[in-house]
Amino acid sequence: MKRLTRRFKALSDGTRLSLLVLLSERPCCVCELAAALNLSQPTVTRHLQKLSDAGFVSAERHGFFQIYRLAPEDDEARRLLALTFEALKDDPAAEALREKLRRLEVGPPFLRQEACGVCAGPEEKTLAEKEG
C-alpha cells in the first residue's frame, strides 16, 4: 500500500502531471523541461525525483546531460500512466505543453533528433531548405 500511496501522491501534483505529459512526447533533459514549464532546474529535478521514486520515470547520463524518460517499473505503474494519459488526451493544456516542447530549441540536439528521426538542427534545416 505504501508504494501505491507514493504513486498517487506523485500523480496528484499538477507540475508532475505536466512533466509526464512532456515525457510522453519524448525523452528530455532537465533544461528542456524547465524551459517548457517556466520553472527552475532545481524545482524540476525535485519533481522528477518524486516521479522516479514512484516508478514512473528513469534517468541516464549522456555527457553533461541527465536525460529523463518514461519508464514504468511494473504493470501497476504502466496502468496508472495509461489511465493518466487517457484522462489527459483531449486536455488543451496538455496539448499546448506538447506543442511548446516541439518548438523548443534548448537542450541537446540529439533528443530532438530522437523525436523526429532525422538530424535537423537549425543549421541543417537551413541547408536542407537551400538544397530542396
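Up top you'll find the structure we're talking about.
A brief structural summary. (Residues numbered from 1 in each chain as written. Predicted model: local features only at pLDDT ≥ 70, side-chain atom pairs only at ≥ 80, totals over all residues. Heavy atoms only, no water.)

### Points about the side chain of R7
As for its position among the elements, R7 is in helix 1 (residues 2-11). Assessed through its relative accessible area of 0%, R7 is described here as buried. When near neighbours in sequence (up to four residues on either side) are disregarded, R7 contacts A54, G55, F56, E73, D74, E76, A77 and L80. (Helix = DSSP H or I, 4+ residues; strand = E, 2+ residues; numbered from the N terminus. Buried < 20%, exposed > 50% of the residue type's maximum accessible area, 1.4 Å probe, protein only. Contact = heavy atoms within 4.5 Å.)

### Examining the pairing of strand 3 (residues 65-70)
Sheet analysis places strand 1 (residues 28-29) next to strand 3, joined by 2 bridges and oriented antiparallel. Pairing of C28 across the sheet is with Y68, part of strand 3. Here strand 2 (residues 57-62) pairs with strand 3 via 6 bridges, running antiparallel. Bridging across to strand 3, A59 finds its partner in Y68. (Pairing = 2+ DSSP bridges.)

### Observations concerning the packing of aromatic side chains
Taken as a whole, this structure holds 0 aromatic pairs when the rule is applied. The positively charged end of R7 is found above the aromatic ring belonging to F56, 6.0 Å away from the centroid. (Phe/Tyr/Trp six-rings, centres within 6.5 Å; stacked < 30°, edge-to-face > 60°. Lys NZ or Arg CZ within 6 Å of the ring centre and 35° of its normal.)

### Observations regarding helix 5 (residues 75-88)
For helix 5, which comprises 14 residues, the first-to-last C-alpha distance of 20 Å matches the rise-based estimate of 20 Å (1.5 Å per residue) to within 8%. Within the span of helix 5, buried status applies to A77, L80, L81, T84 and L88. The buried side chains of helix 5 occupy one side of the element, clustering within an arc of 100° when seen end-on. Of the exposed residues in helix 5, those oriented more than 90 degrees away from the buried face are R79 and L83. Tucked into the core, helix 5 has its buried residues touching helix 1, helix 2 (14-25), strand 3 and helix 6 (92-103). The opening residue of helix 5 is D74, an N-cap whose side-chain oxygen sits 3.3 Å from the backbone nitrogen of E76. (Expected span 1.5 Å × (residues − 1). Arc of directions from axis to C-beta. Polar contact = N/O pair within 3.5 Å; in protein donor to acceptor, adjacent residues only side chain to side chain.)

### Let's talk about unusual backbone geometry
Despite not being glycine, N38 has its phi angle at roughly 55°, a positive value. Within the element layout of this structure, N38 appears in the loop between helix 3 (30-37) and helix 4 (41-53). Assessed through its relative accessible area of 62%, N38 is described here as exposed.

### Let's talk about the packing of helix 2 against helix 5
Interaxial distance between helix 2 and helix 5 falls to 11 Å at its minimum, and their mutual angle equals 90°. As summarised for this structure, helix 2 and helix 5 are arranged roughly perpendicular, according to the angle between their axes. Only L81, T84, F85 and L88 of helix 5 make contact with helix 2, whose side of the interface consists of L17, L20, V21 and S24. (Axes fitted to C-alpha atoms, helices over the stretch in contact; angles between N-to-C directions. Parallel < 35°, antiparallel > 145°, perpendicular 65-115°, else oblique.)

### Considering the pattern of salt bridges
Evaluated as defined, the whole model comprises 13 salt bridges. A salt bridge links E32 to R26; its shortest N-O distance comes to 2.7 Å. As far as the burial class goes, E32 and R26 line up, both buried. When the shortest N-O distance is used, the salt bridge between R102 and E99 registers 2.9 Å. You can see R102 and its partner E99 sitting in helix 6, 3 residues apart, about one turn around the helix. On the accessibility criterion, E99 (31% relative accessible area) is partly exposed. (Salt bridge = Lys/Arg side-chain N within 4 Å of Asp/Glu carboxyl O.)

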